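One letter stands for each residue in the lines below.
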Amino acid sequence: MSNQIGTLLRLEFKNKYGTYNVKNTKSWLKSAMYLVLIAGAITGIYFVAEIFFEMFDRAGMVYEALVILFTAVFIFLTFTGVSSTSKALYFKGDNEILMRFPVKFQDVFVSKTLFLIISQLILTVSILSPFLVAYGRVTEANIGYYWRIPAAIIFSVFIPFLLSNLLAIPGMQFTNRIRNKFALIIVILSIVMIGFFGAYMAVFDKMVTFLKNTEFSVFSPEVVDILKDVCLYLIPTKYFADILVMNNIYLAYPALIGLFGFSLIGTILVIVKLYQKTLLGNIEVEGSAFKKVTKNRERPVYISLIHKEFLEIFRSVNYSFQYFVLASAMPLMVYFCNSITLQLGKNEIGEQITLGITLLVMLIFSTIITSFSATSVSREGNNFYHTKIIPVPVEKQLFVKFSMYFLVSFIANLLCVAVILFTKQMSVSMAFSIFGMVQAIAVAMTLFSMKTDIKRPYFNLSGEGEIVNNNINTSSSIGFGLAVALVEGITGMILGYMVGADLALYVCAGIAAFLFIVAILTYTHKLKKQYNNIGN
Amino acid sequence: MIVIHTENRRKEMKKFLLIVIILIPIIVTVALNATGRLISMITPDNPTGIEIRSSLNQVIEKDDVIRVDIKDTSEFIMVDILPLMTKEDGINEPEKEENNVGDVDLVRQEGTNKYFVIPKKVGIVKIILSAIANVNVRRAVTFNVTSDSIENLTVYNSYESDLQESENYLVNHSQQLYFDIFPIEALSNNMVTWKVSNGTSVEITPNGYLTIREKGLSVIRVMAKDRNADLITKDIIVDTAAAVVKQKVGYVEEGLASNQYVNENFALDPENSSTTLVGEGVYSVTYVDPLTQEELSDTIRIEEVKEDDWDFSDRPEILYTNNGPHFLKAVNLLTRDPQEDVTFTLDDSSMADYENETGALVPVKAGILNITAKYKNTEKSLKVTIREKVSSFELMLGSEDAKLGIQLTRKWGNYWFDEEGELTNKFNFGLYNKANLFDVVWNSSNPDVISIENVEGTQDVVLTFSEDGAGLSSVISADLIVNNRKVPGLRKSFEFKMMDTPDYVNVYNFEEMKELAFDEIYNACLQSDIMATHVLSMNVGISIFGNGFLFDGSQIPSLPLGVGAISIFREAYQWGRYGVQQLEGKTYTDTQSVEKDLTFEELRMSNAVSIEESPNRGSCFTIIAPWKGKIAFKYMQVRNAERGIEVVWAKDVSFEGCILGDNNTYSVFAVYPEFPHGAFGNERAKLAFKNNVIKHSDGPGVAFAYGNSIDAESLAKGFMPDILVDGFLDIYNWHTQESFERMFSKIVVQSLLAYTSATQEAVNIIDKMMVQAFKDYFGSPVLNNIYYWKDNKKYVSVGMMALGAIFRTEAEQIVCNDPRLTVLDVPMEDEKGVPLSSTVNALKTLLKSFMDLDKVTYSSALVCYDFQGGKEPAVKPGDPVPQDYQLYARLTGQSVNLYE
């Protein structure tokens, strides 16, 4: 490997993981902390994996579970591979910089590709290993099984990687076509989000049911038959499972090797023919540029500002996902989560917990949405100083932001309640009481988050200027929101059980009212001064 | 402060939010579990239901049937006591219904909620499960124990008669015969058929339709093959000697129908028969026995058809599921020869399975099935109603609903409230499953008590209750009907036991109770738990039979001391005094002199969710000033109140079979005026106890108190009624010396507050003073006889108590027939009249000064276990209160086996 490739590779690692100094105690501590976290995560994955395989084993479908696992991992790695490949090879901001340096395209490509492969390998090993070891434990596999795991992992890394390289360019062309179809993007992402969450809740429900009583198969005989039939046709992912369990190896190995060869050849051809051309083309095109001629319309100040806020989010895939997509998906996600946890709660404690648990679920999801307001000022980015000089009072500008957050959370919460009522999960009076409390707390959380961001904004002045990285404001907003949700929810459950729904409702409403008032007072206190202090 | 992002660490927002979303259900589930554990730690078990799951993890509903093969011992069910946080999650020994045909045993896998089902006998078996933590939480589960062997093959006719092999069956005309296979699941591949095994006098189709060919004896045989490949047969000897015609419907070629033709072709003995046309196509054939000259006649309907006309060989109107196959066949109407090349199609293949090769049609689900037979260009259709022959069914009320309360019984009043709120003696009853998929026939064992009217178009009935049935009972039963025959072993019954008098109304909710409380004419018979939203206040009072249901006063906003969830104030001024909500439109008067006996029986009452919330929650029952008439409390369970039952100035009160305990002060608080008193006609009041149990309370189980003017003359007279303790009185109310002192202080303070008003602060001060005072007093060696020593600690058995001091208690008024108990004097002075402690001395001085009373140091009276002279008390401190079944058995005098 040439020096340049090694240097570029080190640069990639530095970008992702930061600097590391062997002589620095902090670096050691940080590394130790990461290792502990990773170990914890792997242990957690192993625990979940055991339950997963035991659940399927009880139904006599443990091999099918392995096939399903490889299919899910394959799809996940391919899709994320397409995304990371596109970003790393084509859209990375540093390409602009590297263009100006005496580095060859091939070196850039090799270093980035190596980086992707190593990252993919680390990710795949971290996720797959605990699952495969758990499978071996559940099925009491022999030692030969464990020796075959590396082969399965290697195939699982390289085949999706190579396929994602093949699909990256078509993928990019597709995203370029729909790049300005913001409404369509929101709809597609919402559907994907709802589908993902619904599937996740279905699996979660099965696993919780299985944990409560491992005597049972959680799958009905009909579902078992369907899954067994489907798994027969999951090609090529069933071959990954086959090489592990020595099933049809005379078909599995050739198929996988053939697929590897085909995708490798394809990738080489794509890169040789198209990489440089595509790279140059992307650099010339700004990230989200599109042409749309619109009329200049004169609107009242308030409406103009709301319009601006809306467009700022609507025209950004990142922001749309963080806000509109989650808000759109919230009603159905609340329904999925509530219907399952409500049944769990009624069996575990009794009907009396309905108020508490619905409150808990709705508040948690509401927290996710309101956390977006924790970057209300930070998102101004390069335009922040503009907000100080325009002839609109700061309070009004902030009120506009608040209005939009309020409107979105109001509609999302209202739809949640409508879904809950429609599916008869609770009575009308209780549903609307919960709506009132959730909305009050949503307002409070919004105001808390906005004020936190005003006190300490995190501007992103590089790249497109979007807040794509998590920051402490968002984390603390979510953390606080979860704490409030837990307090309200558990209070509602305990009081609902011990003294009745009416008193529980009053107490929870009291907590919500208290937070609401405190939030307003906190928000309005020294608001203008703190805003003006930003950047001074 | 601004932070500008220059590092590019990958902490992407999207990934972060996705991880949070994935964690949401985990957070909610963990919060749920934690809450459940917390609640279960701080509240007592309160099971509300039982959930049963099959081995396929499917929830078993009330009318589901679990199928188990007689040889399969690996089948299991999972039984969960709901809510799942219940600590005591076991079940009592299952009860089996009397009418069970089959039998199973349930064997628990230790440490789990898994119960293996061990089949013992083929047939339907219904068992009732009940929770240990609350025996009134019950669920029934039904098993169908099947076998691969046919145990019984029965032949019967359209008149519900089973045909016996040992008797000749007299056949007068063609008819349909049926078979019943038990268990039907044992039938292999629909292999059942009929044939004539001997003789020529009859013919029989594969579907069992019998036609006569000539006079004489024949043997018909029905054969069924079971899954063990055994062939089961049943032979019936048929005798056609008394038959006149061959069949009831005959087919004749067009133009040939005539008396002579019919006689020659359809009469069994044409030479001795004559035929005449009596209606359109209907001929009467008369046969004269040449030997006896006896005349026999019958009719036959003749249809004229073409030579090649064909039709279904059998045209059944109704078929049943789980009842074997029906064979579809087409025949030439004239020759009765099989019609070849006929295809049969069903309009709804989900309703029945049809096997083309054998022609077997096996009904699968209820409904209307249209079958079309097609031959060349002609079609014939057959409309068949399919009904279900279910393996089991349930009534709206089952045996699990029949045994409630301490006596494990259930009684009914004569009346209900209809939708308009008017009283009616009609009750809609029926099957649990309202889908009307199968047929039943109803019966009342005692129509004079309850008569039955069918509701058209359904399987439901309307029961009409007669007032003459008071004190009697009637069993309402439903039998499954297949082909007009009651299927053996498929009968479900429910016994309606009527209240002893016809003036009870069945109530299901608090609104209905309010209606009765308004008029106070009819009594209440509870058929459901009642959640009271405010005090149920009455002027004269009505009797209540609770059937073991709960009258829950925990949602009543305010229950001050002296007010009961059910309050009967006969003195008009008491309403205002206690500020109890009066029913709108009701006139309240002084009804002290109204003579009316009241009985409160089998009622569970609670004023709070737990005993921790019972302080200041009034009484479950408060009855004030019924001077005439008897008040009886039977098999009551009152708990979680400040005082369980409060009776004030009641002349004749009795308690029988009650569980009194778990209240903040007393479970029974009886208050009397001085004796004699004009209100009682100068007679002494009566208070009787028989076979009761006193569980732990913060005060005495039963307290007697004085309730009238505080003046020397009245106080000196004494107030105690004639108190009789009959049968047994189990006392589990042990207090340590410390808690007894606190209890005593509390009673004194409460007594004082009855006559004075004081702020809460003053009350607290007085309470603290009293506790210290009584510490000295109860430490006196003179009172050593009230203490029982266990593990170096002193305990007091506090069954019943009457407070002395200024109140003259008369221990001799207490007659105790339970030999384990004694009535103790708890003096305040020694034999020489010296106060037992300085505090008593100070109290004596204080009271004499302020209240101008002659004597203020009367002894208190205590009914407790007798442990004098080295005797051991029957119940010792710390002994657990028996599990409910044992307790119930003791209270009712029944054997524990009855409950188990």
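All values reported here derive from a predicted model rather than from experimental measurement.

Regarding the overall build of chain A
Part 1 of the argument: Scanning chain A from terminus to terminus reveals 19 helices and 1 strand.
Part 2 of the argument: For 536 residues, the compact-globule estimate of 2.2 N^0.38 gives 24 Å, and the C-alpha radius of gyration of chain A, at 26 Å, lies within 12% of that figure.
Part 3 of the argument: Each principal axis of the C-alpha distribution contributes one length, and for chain A these read about 70 × 65 × 55 Å.
Part 4 of the argument: In chain A, buried positions account for 49% of the 536 residues.

Some words on a negative patch on the surface
Residue and element names in this part refer to chain B.
Part 1 of the argument: Judged by side-chain charge, E253, E254, E304, E307 and D308 come together as a negatively charged surface patch.
Part 2 of the argument: As for its position among the elements, E254 is in the loop between strand 19 (249-253) and helix 2 (259-266).
Part 3 of the argument: Judged by relative accessible area, which is 48%, E254 ranks as partly exposed.

Describing the domain arrangement of chain A
Reports often express the size of an interface as the amount of accessible area lost when the parts come together.
All names here are of chain A.
Part 1 of the argument: Structurally, chain A comprises domain 1 (3-284) and domain 2 (301-533).
Part 2 of the argument: Each of domain 1 and domain 2 has a C-alpha centre, and the two are 33 Å apart.
Part 3 of the argument: In this complex, domain 1 contributes 14 residues to the contact, which on the side of domain 2 involves 18 residues.
Part 4 of the argument: Note on domain 1 versus domain 2: buried area summed over both sides is about 1600 Å², and carbon and sulfur give 89% of it.
Part 5 of the argument: Sorting the residues of domain 1 by area buried against domain 2 places F182, I186 and I194 first, and these three jointly supply 35% of that buried surface.
Part 6 of the argument: Counting across the domain 1 and domain 2 interface gives 0 salt bridges.

Remarks on the interface of chain B and chain A
Part 1 of the argument: Across the contact, 53 residues belong to chain B and 66 residues belong to chain A.
Part 2 of the argument: Between chain B and chain A, the buried area comes to about 5500 Å², and carbon and sulfur atoms account for 69% of it.
Part 3 of the argument: Inspection of the region where chain B meets chain A yields 0 salt bridges.
Part 4 of the argument: The interface formed by chain B and chain A holds 4 residue pairs in polar contact (both at pLDDT 80 or more) in total.

Remarks on the side chain of K695 of chain B
Part 1 of the argument: Relative to the elements of secondary structure, K695 of chain B occurs in the loop between strand 57 (686-694) and strand 58 (702-706).
Part 2 of the argument: Look past the residues within four positions of K695 of chain B in its chain and what remains in contact with it is I659, L660, G661, D662, Y732, N733 and V881 of chain B.

Side note on unusual backbone geometry
Apart from glycine, the bulk of residues carry a negative phi angle, and the bulk of peptide bonds sit in the trans form.
Part 1 of the argument: Cis geometry is found at the peptide bond from I235 of chain A to P236 of chain A, where omega equals 5 degrees.
Part 2 of the argument: Backbone torsion omega between F182 of chain B and P183 of chain B reads -10 degrees, so that peptide bond is classified as cis.
Part 3 of the argument: Looking at the element boundaries, P183 of chain B is found in the loop between strand 13 (175-182) and strand 14 (187-198).
Part 4 of the argument: At N436 of chain B, a residue that is not glycine, the phi angle is positive and equals roughly 55 degrees.
Part 5 of the argument: Within the fold, N436 of chain B resides in the loop between strand 35 (426-429) and strand 36 (439-444).
Part 6 of the argument: Judged by its relative accessible area of 24%, N436 of chain B is partly exposed.

A word on the packing of aromatic side chains
Part 1 of the argument: Considering all chains together, one arrives at 70 aromatic pairs over all chains under this definition.
Part 2 of the argument: The interplanar angle of 55 degrees and the centroid separation of 5.4 Å between the aromatic rings of Y788 of chain B and F867 of chain B together place this pair among those described as tilted. Note that Y788 of chain B is positioned in strand 61 (residues 788-790) and F867 of chain B in the loop between strand 66 (860-865) and helix 9 (884-892), a separation of 79 residues in sequence. Each of the two residues, Y788 of chain B as well as F867 of chain B, counts as buried.
Part 3 of the argument: Three or more aromatic residues link up through ring pairs in this structure, and these residues are F182, F310, F314, Y319, Y323, F324, F372 and Y405 of chain A.

Digging into the domain arrangement of chain B
All names here are of chain B.
Part 1 of the argument: Structurally, chain B comprises domain 1 (49-146), domain 2 (152-243 + 309-387), domain 3 (249-305) and domain 4 (399-498).
Part 2 of the argument: Between domain 1 and domain 2, the C-alpha centre-to-centre distance is 38 Å.
Part 3 of the argument: On the domain 2 side, the residues contacting the 7 residues of domain 1 number 4 residues.
Part 4 of the argument: Taking both sides of the interface into account, the surface hidden between domain 1 and domain 2 amounts to around 380 Å²; carbon and sulfur atoms contribute 64%.
Part 5 of the argument: The interface formed by domain 1 and domain 2 holds 0 salt bridges in total.

Digging into the confidence of the model for chain A
Part 1 of the argument: Across chain A, pLDDT averages 84, with 91% of residues at or above 70.
Part 2 of the argument: No element of chain A has a lower mean pLDDT than helix 4 (residues 94-99) of chain A, at 62, and none a higher one than helix 16 (residues 428-455) of chain A, at 92.

Remarks on the pairing of strand 53 (residues 643-648) of chain B
Residue and element names in this part refer to chain B.
Part 1 of the argument: Burial analysis of strand 53 places 6 of its 6 residues in the buried class, which makes it a mostly covered element.
Part 2 of the argument: Summarising the sheet, strand 50 (residues 619-624) and strand 53 pair through 5 bridges and their orientation is parallel. Residue pairing for strand 53: I623 is matched across the bridge by V647.
Part 3 of the argument: Looking at chain direction, strand 53 and strand 56 (residues 668-672) are connected through 4 bridges and run parallel. Bridging from a neighbouring strand, V647 pairs with A670 of strand 56.

Observations concerning the side chain of D298 of chain B
Residues and elements named next belong to chain B.
Part 1 of the argument: Secondary-structure assignment places D298 in strand 22 (residues 295-305).
Part 2 of the argument: A polar contact is formed between the side chain of D298 and the side chain of K248, at a distance of 2.8 Å.
Part 3 of the argument: Apart from residues lying up to four places away in sequence, D298 is in contact with N172, H173, V244, V245, K248, Y283, S284 and V285.

A closer look at the confidence of the model for chain B
Close inspection of predicted coordinates is inappropriate in any region flagged by low pLDDT.
Residues and elements named next belong to chain B.
Part 1 of the argument: With 97% of its residues at a pLDDT of at least 70, chain B reaches an overall mean of 87.
Part 2 of the argument: Scored below 50 in pLDDT, residues 1-11 makes 30 contacts in the model with residues more than four places away or belonging to other chains.
Part 3 of the argument: Taken together, the chains of this predicted complex give a pTM of 0.72 and an interface ipTM of 0.84.

So, the environment of K126 of chain B
Residue and element names in this part refer to chain B.
Part 1 of the argument: Locating K126 in the fold gives a position in strand 8 (residues 123-130).
Part 2 of the argument: Taking the C-alpha atoms as reference, K126 lies 5.7 Å from V141; in sequence the two are 15 residues apart.
Part 3 of the argument: In contact with K126, not counting residues within four places along its chain, are E95, K96, E97, N100, A140, V141, T142, E394, G398, S399, E400 and K492.
Part 4 of the argument: There is a polar contact of 3.3 Å between the side chain of K126 and the side chain of E400.

Rules and cut-offs
- Residues numbered from 1 in each chain as written.
- Chains lettered and ligands numbered in written order.
- Predicted model: local features only at pLDDT ≥ 70, side-chain atom pairs only at ≥ 80, totals over all residues.
- Heavy atoms only, no water.
- Helix = DSSP H or I, 4+ residues; strand = E, 2+ residues; numbered from the N terminus.
- Rg over C-alpha atoms; globule rule 2.2 N^0.38 Å.
- Buried < 20%, exposed > 50% of the residue type's maximum accessible area, 1.4 Å probe, protein only.
- Patch = residues over 30% accessible without salt bridge, like charges linked within 9 Å, V, L, I, M, F, W, Y side chains within 5 Å.
- Areas by Shrake-Rupley, 256 points an atom, 1.4 Å probe, with all protein chains shown as cover.
- Salt bridge = Lys/Arg side-chain N within 4 Å of Asp/Glu carboxyl O.
- Lys, Arg positive; Asp, Glu negative; His and termini not counted.
- Charge placed at Lys NZ, Arg CZ, Asp CG, Glu CD.
- Domains from an automatic or database assignment.
- Contact = heavy atoms within 4.5 Å.
- Buried area = accessible area lost by both parts, 1.4 Å probe.
- Polar contact = N/O pair within 3.5 Å; in protein donor to acceptor, adjacent residues only side chain to side chain.
- Phe/Tyr/Trp six-rings, centres within 6.5 Å; stacked < 30°, edge-to-face > 60°.
- pLDDT = per-residue confidence, 0-100.
- Pairing = 2+ DSSP bridges.

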